[in-house]
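# Residue-level structure breakdown
One letter stands for each residue in the lines below.
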Amino acid sequence: MSSEHIAIHLQQRPETNIVPGETFAVQKHTTPTSEELEDGEVVLESLYLSLDPAMRGWLDDRPSYIPPVAIGEIMRGYAVGRVTASRSEKFPVGSYALGMVSWTEQAIINESSLESVPTPDPADGGHLTDFLSVLGLTGITAYWGMVEVGHVKPGDFVVVSGAAGATGSIAGQIAKIHGATVYGIAGSDEKCRWLVEDLKFDGALNYKSEDFAEKFKSLMQGKIDLFYDNVGGEVLDLALLCANKNARFVMCGGVSQYNEQEVKGPKNYMMIWRMRIRMEGFIVFDHMDKKPEIRRKLSQWLAEGRLQRRETIVHGGLSQAETALMQLYKGVNTGKLLVEVKAP
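The following paragraphs examine the structure supplied in this document. In this numbering scheme, every chain counts its residues from 1 along its sequence in written order. Totals for whole chains, interfaces and linings use all residues, but because this is a predicted model, local features are given only for residues with pLDDT of at least 70 and pairs of side-chain atoms are given and counted only at 80 or more. Side-chain figures throughout are based on the complete set of non-hydrogen atoms in the structure, without hydrogens or water.

Let's shift gears to the pattern of salt bridges. A side-chain nitrogen of Lys or Arg and a carboxyl oxygen of Asp or Glu constitute a salt bridge if their distance falls within 4 Å. Taken as a whole and judged by the stated rule, the model has 15 salt bridges. Across the salt bridge formed by Arg295 and Glu115, the nearest N and O atoms sit 2.3 Å from each other. With Arg295 in helix α8 (residues 291-304) and Glu115 in strand β7 (residues 114-117), this pair connects stretches of sequence that are 180 residues apart. Both residues of the pair, Arg295 and Glu115, count as buried. A salt bridge links Asp211 to Lys215, with the shortest nitrogen-to-oxygen separation between them at 3.7 Å. Judged by relative accessible area, which is 42%, Lys215 ranks as partly exposed. Through salt bridges with shared partners, a single ionic network connects Glu45, Arg82 and Lys342. Secondary structure follows DSSP: runs of H or I at least 4 residues long count as helices, runs of E at least 2 residues long count as strands, and numbering of each begins at the N terminus. Residue burial is assigned from relative accessible area. The probe radius is 1.4 Å, only protein chains are included, and a residue is buried under 20% of its type maximum, exposed over 50%, and partly exposed in between.

Turning our eyes to something else, we now look at the sheet that holds strand β13 (residues 278-281). As summarised here, the arrangement of the six strands in space is β10-β9-β8-β11-β12-β13, forming an open sheet in which the pairing is parallel. Two strands in the sheet have a free side with no partner beyond their single neighbour: β10 (203-206) and β13. Neighbour-to-neighbour, the strand axes of this sheet turn through a mean angle of 15°, independent of strand direction. Any two strands between which DSSP finds at least two bridges are classified as paired. As paired elements, strand β11 (residues 224-229) and strand β12 (residues 243-251) share five bridges and run parallel to each other. Each residue of the ladder has a partner; that of Asp229, found in β12, is Met251. Between N-to-C directions, angles cover 0 to 180 degrees, with each direction set by a line fitted to C-alpha atoms, over the stretch in contact for helices.

Rendered as structure tokens:
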């Protein structure tokens with residue numbers, strides 16, 4: 001008798017927020033076996049699923065850097081998992097691998113779409129989940145935006161929005177490693193304390209506080225040399241008002257606008273020419289040839305204790321992914337948000 005597993009499919013495109021029970025649908029599938037494999041293929045059992053703000057954009061049927069998820073298709077997503085059947089010399093049974101596995105408990109994947117993940121050594125403090133966070137696309141995005149796009153340098157006054165999130169928390173620490181003064185913007189007093197006390201940011205502001213705008217302008221007027229933006233909206237507008245001459249604005253994301261039907265652009269855009277601001281967006285997929293080099297640097301900083309990571313892991317299996325993604329846009333996570341599909 002064949003066994004079954006579940007996968008989560010896109011059922012309906014949301015106009016604004018994801019709608020529970022409408023946007024996605026859980027479907028059962030027959031679990032693949034070794035007899036179905038072609039040469040170079042494996043059966044990968046998902047262990048941890050990465051949840052990322054960019055996922056909301058993948059649901060919209062509009063031009064972007066990758067095609068939208070099709071109606072009826074299994075939701076796209078990165079996962080790290082364990083090989084349970086194999087016809088690949090690169091990935092024997094029991095090895096760990098990472099790839100765009102999608103929201104499914106089991107999948108047949110070609111070795112060309114997978115990346116080997118070393119078995120973590122608890123003695124070294126390594127985590128299997130690091131390859132979805134600090135050593136994965138999250139960390140590489142943070143590094144590329146801060147170093148290669150932002151050209152952070154000693155003495156810079158750096159502000160990071162979404163600073164307690166997965167990418168922002170790493171980006172701010174990279175700026176500190178490069179000798180910058182770093183302020184973070186986050187959504188709670190607890191997150192602000194984490195940024196300052198644990199990650200050694202020079203300061204942090206809670207954007208939900210009543211006097212946030214006044215505090216922001218008082219602290220940062222005319223000082224911002226580098227603004228790393230993950231949020232957009234009001235915070236971006238304030239940063240434009242407080243930019244120093246020749247400031248660099250790194251446009252990594254705009255999570256405050258992802259669920260809006262009418263996206264609001266910056267009102268203070270005239271500051272771009274007044275203060276000679278360079279504003280540049282980037283997509284990390286364009287720079288994957290640099291991944292090994294960047295990962296080596298991140299790994300070294302992590303081993304030296306100069307780089308910290310934190311994860312918010314949602315337990316309860318793959319069925320929790322829809323709710324967890326909804327909560328991501330409400331700021332439920334500190335650091336990287338993951339769903340534990342199956343305990344390793």
